[in-house]
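Examining the three-dimensional arrangement
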Amino acid sequence: MSDAMSTKQQLLIHLKGGKGTWVSGESLAHKMAISRSAIWKHIRTLKENGYVIESSRKKGYLLRHASDFLLADEILEGLNTNVFGKSGIVYFGETDSTNVRAKFLASDGAPEGTLIVAESQTRGRGRRGRSWFSPPGEGITTSIILRPPISPNEAPKLTLMASVAVAETLLSMTSLNVNIKWPNDILVNGRKIAGILTEISTEMDRIDYVVIGVGVNVNTPHENLPPDIRNTATSVLMETGKPFPRIVLLRAYLEWLEIYYETFTTKGFDPVMKRWKHLSDIIGRRIRVDLIDRVRIGEVMDADKDGFLILRDDEGTIERIISGDVTILGGEV
Ligand code: BTN
């Protein structure tokens, strides 16, 4: 066993190795060359970290459930990525906003693929200065640091890419009817289940870093939603009637995100855009878009190769729109 592995990690490996059977304190102490009371102290810490462990004077310890906390060791177990999450995971029981933390880490030089996760956020940020509801242990609130070799004007594509990755995650892990509302809302049956907030730092004409923050409502019951989003938001639990292990979803998201990021950076944006168009239900719709300084109403003709919406208003004027708040006004036009 490597020296770098912490005692807690070693202990977990032995407990997991018991595969649902009791492991005696004596054998653990022997294998790990520490005292039985040290074992007991580490067990107590593991329990505080959400592991369900039974203890018996005679039989020792039995791991009933691994933790559902989004702990680095649990995320890494079976994570099938090359870089994402493997470059480092920073875990917070509670923090202000994982995007804010990610930006500090990125400015300090954290490498591409560094993941920040939190059980809850006190100032979770949404788009356009809104807040993001992030109650403890119910959802996924995570940010990843990227250092993409693309020019700053291509950065909006990363938001579309992330929305495809989140949609693929939910589609592959659940039977939900998922679609993407441009640019970055993930909907199930017309209600928002996940959102994405991309933030970017540039230097002259190159990107220093990009932070992609994703919030997914996983195990939030309807009654826990704040009143202002009760009619517009949903969760995996609300849609399927069953809780879902957040860690499984988080791993799948990292895997999908890496697949699409590799595709984007090696083959270009077209394959990502193709999938986005398939998953989005906006083309051909009549919409209202609230831009920062004005409102536009019209029909969505297409989304172009850069991810801009091509909107034709009632006078026939065509406009490319990069970002805004979309309301779908009716059926197909
Ligand atoms: C939106 O739809 O308005 C975007 C919501 C993005 C929320 C996530 S949760 C993790 C990350 N940290 C934040 O403060 N915001 C993003």
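Scope of this entry: the structure provided in the associated data block.

Conventions and cut-offs
Residues numbered from 1 in each chain as written. Predicted model: local features only at pLDDT ≥ 70, side-chain atom pairs only at ≥ 80, totals over all residues. Heavy atoms only, no water. Patch = residues over 30% accessible without salt bridge, like charges linked within 9 Å, V, L, I, M, F, W, Y side chains within 5 Å. Areas by Shrake-Rupley, 256 points an atom, 1.4 Å probe, with all protein chains shown as cover. Salt bridge = Lys/Arg side-chain N within 4 Å of Asp/Glu carboxyl O. Helix = DSSP H or I, 4+ residues; strand = E, 2+ residues; numbered from the N terminus. Buried < 20%, exposed > 50% of the residue type's maximum accessible area, 1.4 Å probe, protein only. Axes fitted to C-alpha atoms, helices over the stretch in contact; angles between N-to-C directions. Parallel < 35°, antiparallel > 145°, perpendicular 65-115°, else oblique. Left-handed = near helix turned anticlockwise from the far one by under 90°. Contact = heavy atoms within 4.5 Å. Nonpolar A, V, L, I, M, F, W, Y, C, P; charged D, E, K, R; others polar. Near = heavy atom within 4 Å. Polar contact = N/O pair within 3.5 Å; in protein donor to acceptor, adjacent residues only side chain to side chain.

**Observations regarding a nonpolar patch on the surface**
Together, Val295, Ile297 and Leu329 line one region of the surface with nonpolar side chains, adding up to about 220 Å² of accessible area. Position of Ile297 among the secondary structure elements: in strand E11 (residues 295–303). For Ile297, a relative accessible area of 34% translates into the label partly exposed.

**A word on the packing of helix H1 (residues 7–17) against helix H2 (residues 25–32)**
A pair of packed helices is captured by two measures, namely the crossing angle of their axes and the spacing between those axes. The N-to-C vectors of H1 and H2 enclose an angle of 130°; their axes lie 11 Å apart at closest approach. The orientation of H1 with respect to H2, classified from their angle, is oblique. In terms of crossing hand, the pair formed by H1 and H2 is right-handed. Mapping the contact onto sequence places Thr7, Gln10, Leu11, His14 and Leu15 in H1 and Leu28, Lys31 and Met32 in H2. Considered class by class, the residues forming the contact of H1 with H2 number four nonpolar, three polar and one charged.

**Topic: the packing of helix H6 (residues 156–173) against helix H8 (residues 246–267)**
Look at H6 against H8: their axes get within 8 Å of each other, and the N-to-C directions meet at 135°. As judged from the angle between their axes, H6 and H8 are oblique. Here H6 runs over H8; the crossing is right-handed. Contacts between H6 and H8 pair Lys157, Leu158, Met161, Ala162, Val164, Ala165, Val166, Glu168, Thr169, Leu170, Ser172 and Met173 from the former with Val248, Leu249, Ala252, Tyr253, Trp256, Leu257, Tyr260, Tyr261 and Phe264 from the latter. Its residues placed into classes, the contact of H6 with H8 shows 17 nonpolar, two polar and two charged.

**Re the site of the ligand**
Taken together, 20 residues sit near the ligand, with Ser97, Gln121, Arg125, Arg127 and Lys192 positioned nearest. Within the contact set of the ligand, an oxygen atom lies 2.7 Å away from a side-chain nitrogen or oxygen of Ser97. At a separation of 3.0 Å, a nitrogen atom of the ligand approaches a polar side-chain atom of Thr98. In isolation the ligand has 420 Å² of accessible area, and contact with the protein removes 98% of it. Secondary structure elements with two or more residues in the shell around the ligand: helix H5 (98–107), strand E5 (139–146), strand E8 (191–203) and strand E9 (206–217). With four residues, E8 is the single largest residue contributor to the shell around the ligand. By residue class, the composition of the shell around the ligand is four nonpolar, twelve polar and four charged.

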